[in-house]
Amino acid sequence: MKIGVLKETKEGEHRVALSPDVIKQLIKKEFSVTVEQDAGMGSNFSNEDYMAAGAAVGNTQEVFSAEILLKVNLFTKEEVVQMKNGSACISIMYAYNHPEILDEMNKKSIMSFSMDAVPRISRAQKMDCLSSQANLAGYKSVILGANYLEKIFPLMMTASGTITPAKVLIFGAGVAGLQAIATAKRLGAVVEVSDVRPETKEQVESLGGRFLTVEGAGDVKVEGGYAAEVSAEFLQKQKELIQTKIKDSDLVITTALVMGKKSPILVTEDMVRSMKKGAVIVDMAVESGGNCELSEKDQTVRKHGVTIIGESNLPSLMSTNASQLYATNISTLLLHLATKDGFNLDREEEITKGVLITYEGQVVHEFTNKILNK
């Protein structure tokens, strides 16, 4: 079975779907791999590195001759047109947001699998790219915030006086938020955390953060690790609590996502206006609309004396590590779905059912259909 790895075309994307060390493992499993020329350059993997691992390095046309194509980001309409009829592809799709791409895939009976749809169960952890990439993003959010913050994080006692520790406020205690807590604490900050899921309190406190409890949090519905439904009344209570905390915060990091929906606005313009001059906000949800009312996608702006960072692709800023982890995720899923002789799908098996989006000219993914048919 021939695997093709395409060079990413999304602006600002430096990751690649497979790293040389993972390709070695696939070669041992008797797959053949063709990597597009210079696909790994943004992650510091040279063409020679891939060839030394046993892969062929070819042009775009040669890559599209593969039975299965791998990418980090969603395949474009132009790329789908170049795919062989009946071939397969795996990438991060967020399929429910891109019905036009699904239509193109169905025209060519493309079998597509979405990395973001990997079910969050214990035996699929090694395939979970959302967690692997969010973990890196949580780390980078603190480093970026520290870089723009015009003061240090730790308590420092000197002959010239005592410097008090920075105060960090984090919205969301998922994978990214927890790593942000751990990183900020290692740098010496005082960390407070707000999350709509009360079950995250223990995790937050185990990392040294202080959990901010909102009345009514026990009524929030959670699906697949994400908040699925948050009432307007709850959001108002959360905002009132945060209004009192954000005034004293030096760094605010927001990570709040709602699966299949626009991210909730948690930091309003009035809140930004109330913050200390020189404070920093890192909006990690900017790709999905943003948690801060004033954040701008892929821009760093200063408003009301506050620096607001809207970097939409934090993992790409650490592309070497991000690609290594993603390569492990995608290759593990591929080996679950196929052998060197082809795909062997059990469509009722939980992981396969969770990631299969289009099959034999139809959208077969339950959640995607639910969103598209609303």
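In this report, we go over the structure that sits alongside the text. (Residues numbered from 1 in each chain as written. Predicted model: local features only at pLDDT ≥ 70, side-chain atom pairs only at ≥ 80, totals over all residues. Heavy atoms only, no water.)

**Regarding the overall build of the protein chain**
Turning to step 1, where the next piece is worked out: Counting its secondary structure elements, the protein chain contains 13 helices and 21 strands.
Turning to step 2, where the next piece is worked out: Compactness check: the protein chain gives a C-alpha radius of gyration of 22 Å against a globular reference of 21 Å for 374 residues, within 12% of the reference.
Turning to step 3, where the next piece is worked out: Across the 374 residues that make up the protein chain, the buried fraction comes to 52%.
Turning to step 4, where the next piece is worked out: In the protein chain, once contacts between residues fewer than 6 apart in sequence are set aside, the share between residues at least 24 apart is 64%.
Turning to step 5, where the next piece is worked out: Carbon and sulfur atoms provide 48% of the accessible area of the protein chain, an area that totals close to 16,800 Å². (Helix = DSSP H or I, 4+ residues; strand = E, 2+ residues; numbered from the N terminus. Rg over C-alpha atoms; globule rule 2.2 N^0.38 Å. Buried < 20%, exposed > 50% of the residue type's maximum accessible area, 1.4 Å probe, protein only. Contact = heavy atoms within 4.5 Å. Areas by Shrake-Rupley, 256 points an atom, 1.4 Å probe, with all protein chains shown as cover.)

**Some details on the pattern of salt bridges**
Turning to step 1, where the next piece is worked out: Under the definition given, this model contains 18 salt bridges.
Turning to step 2, where the next piece is worked out: We note a salt bridge from Lys297 to Glu287, for which the minimum N-O separation is 3.5 Å. With Lys297 in the loop between strand E15 (280-283) and strand E16 (300-303) and Glu287 in the loop between E15 and E16, this pair connects stretches of sequence that are ten residues apart.
Turning to step 3, where the next piece is worked out: Between Asp341 and Lys340 there is a salt bridge, with the nearest N and O atoms lying 3.2 Å from each other.
Turning to step 4, where the next piece is worked out: Residue class for Asp341 comes out exposed when judged on its relative accessible area of 65%.
Turning to step 5, where the next piece is worked out: On the accessibility criterion, Lys340 (31% relative accessible area) is partly exposed.
Turning to step 6, where the next piece is worked out: Connected through salt bridges with shared partners, the residues Lys10, Glu287 and Lys297 form a single ionic network. (Salt bridge = Lys/Arg side-chain N within 4 Å of Asp/Glu carboxyl O.)

**Here's the deal with the pairing of E15**
Turning to step 1, where the next piece is worked out: Of the two faces of E15, the one carrying Val280 and Val282 and the one carrying Ile281 and Asp283 are both buried.
Turning to step 2, where the next piece is worked out: Examined bridge by bridge, strand E14 (residues 251-254) and E15 share four bridges and lie parallel to one another. Among the inter-strand pairings, Val252 is bridged to a residue of E15, identified as Ile281.
Turning to step 3, where the next piece is worked out: Note: E15 against strand E17 (residues 306-309), three bridges, orientation parallel. Among the inter-strand pairings, Val282 is bridged to a residue of E17, identified as Ile309. (Pairing = 2+ DSSP bridges.)

**With respect to helix H6 (residues 129-148)**
Turning to step 1, where the next piece is worked out: Look at H6: 28 Å from first C-alpha to last across 20 residues, which is about the 28 Å you get at 1.5 Å a residue.
Turning to step 2, where the next piece is worked out: A side-chain oxygen of the first residue of H6 lies 3.3 Å from the backbone nitrogen of Leu130; this N-cap is Asp128. (Expected span 1.5 Å × (residues − 1). Polar contact = N/O pair within 3.5 Å; in protein donor to acceptor, adjacent residues only side chain to side chain.)

**Quick notes on the sheet that holds strand E4 (residues 68-70)**
Turning to step 1, where the next piece is worked out: Within the open sheet, the eight strands sit side by side as E3-E2-E1-E4-E5-E6-E20-E21. Their pairing is mixed. If you trace the sheet from one side to the other, it starts and ends with strand E3 (56-58) and strand E21 (362-363), each paired once.
Turning to step 2, where the next piece is worked out: Relative to strand E5 (residues 88-91), E4 runs parallel, the two sharing three bridges. Bridge pairing in E5 places Ile68 opposite Ala88.
Turning to step 3, where the next piece is worked out: The sheet contacts of helix H5 (residues 99-107) involve E5, strand E6 (111-114), strand E20 (356-359) and E21, and relative to E20 the element is tilted by about 45°.
Turning to step 4, where the next piece is worked out: Those strands touched by helix H11 (residues 319-337) are strand E1 (2-5), E4, E5 and E6, and its axis lies near 145° from that of E5. (Axes fitted to C-alpha atoms, helices over the stretch in contact; angles between N-to-C directions.)

**Focus on the packing of aromatic side chains**
Turning to step 1, where the next piece is worked out: In this structure the tally under the stated criterion is four aromatic pairs.
Turning to step 2, where the next piece is worked out: Ring centres 6.3 Å apart and planes at 80° place the aromatic pair Phe45 and Tyr50 in the edge-to-face group.
Turning to step 3, where the next piece is worked out: Consider the rings of Tyr94 and Tyr96, whose centres lie 6.4 Å apart with planes at 75°: the pair is edge-to-face.
Turning to step 4, where the next piece is worked out: Members of the aromatic cluster, each reached through a chain of ring pairs, are Tyr94, Tyr96 and Phe367. (Phe/Tyr/Trp six-rings, centres within 6.5 Å; stacked < 30°, edge-to-face > 60°.)

**Considerations on the state of the cysteines**
Turning to step 1, where the next piece is worked out: Counting across every chain of the model gives zero disulfides.
Turning to step 2, where the next piece is worked out: Distance from the sulfur of Cys129, which forms no disulfide, to the nearest cysteine sulfur (Cys89) is 14 Å. (Disulfide = S-S within 2.5 Å.)

**Brief notes about the sheet that holds E15**
Turning to step 1, where the next piece is worked out: Spatially, E11-E10-E9-E14-E15-E17-E16 is the arrangement adopted by the seven strands of the open sheet, whose pairing is mixed. Whereas interior strands pair on both sides, the edge strands pair on one side only; in this sheet they are strand E11 (210-212) and E16. Taking each pair of neighbouring strands and ignoring which way they run, the sheet shows an average axis angle of 20°.

**Focus: a nonpolar patch on the surface**
Turning to step 1, where the next piece is worked out: Together, Tyr139, Ile143 and Leu187 give the surface a local cluster of nonpolar side chains, amounting to about 220 Å² of exposed area.
Turning to step 2, where the next piece is worked out: Checked against the element boundaries, Leu187 lands in the loop between helix H7 (175-186) and strand E10 (190-194).
Turning to step 3, where the next piece is worked out: For Leu187, a relative accessible area of 34% corresponds to the partly exposed category. (Patch = residues over 30% accessible without salt bridge, like charges linked within 9 Å, V, L, I, M, F, W, Y side chains within 5 Å.)

**So, H11**
Turning to step 1, where the next piece is worked out: Taking 1.5 Å as the rise per residue, H11 with 19 residues should run 27 Å; its terminal C-alpha atoms sit 26 Å apart, in good agreement.
Turning to step 2, where the next piece is worked out: All of the buried residues in H11 are Ser319, Ala322, Ser323, Tyr326, Ala327, Asn329, Ile330, Ser331, Leu333, Leu334 and Leu337.

**Concerning the environment of Gln238**
Turning to step 1, where the next piece is worked out: As for its placement among the helices and strands, Gln238 is situated in helix H9 (residues 232-246).
Turning to step 2, where the next piece is worked out: With sequence-adjacent residues up to four places away left out, Gln238 is seen in contact with Ser194, Val196, Val214 and Leu266.

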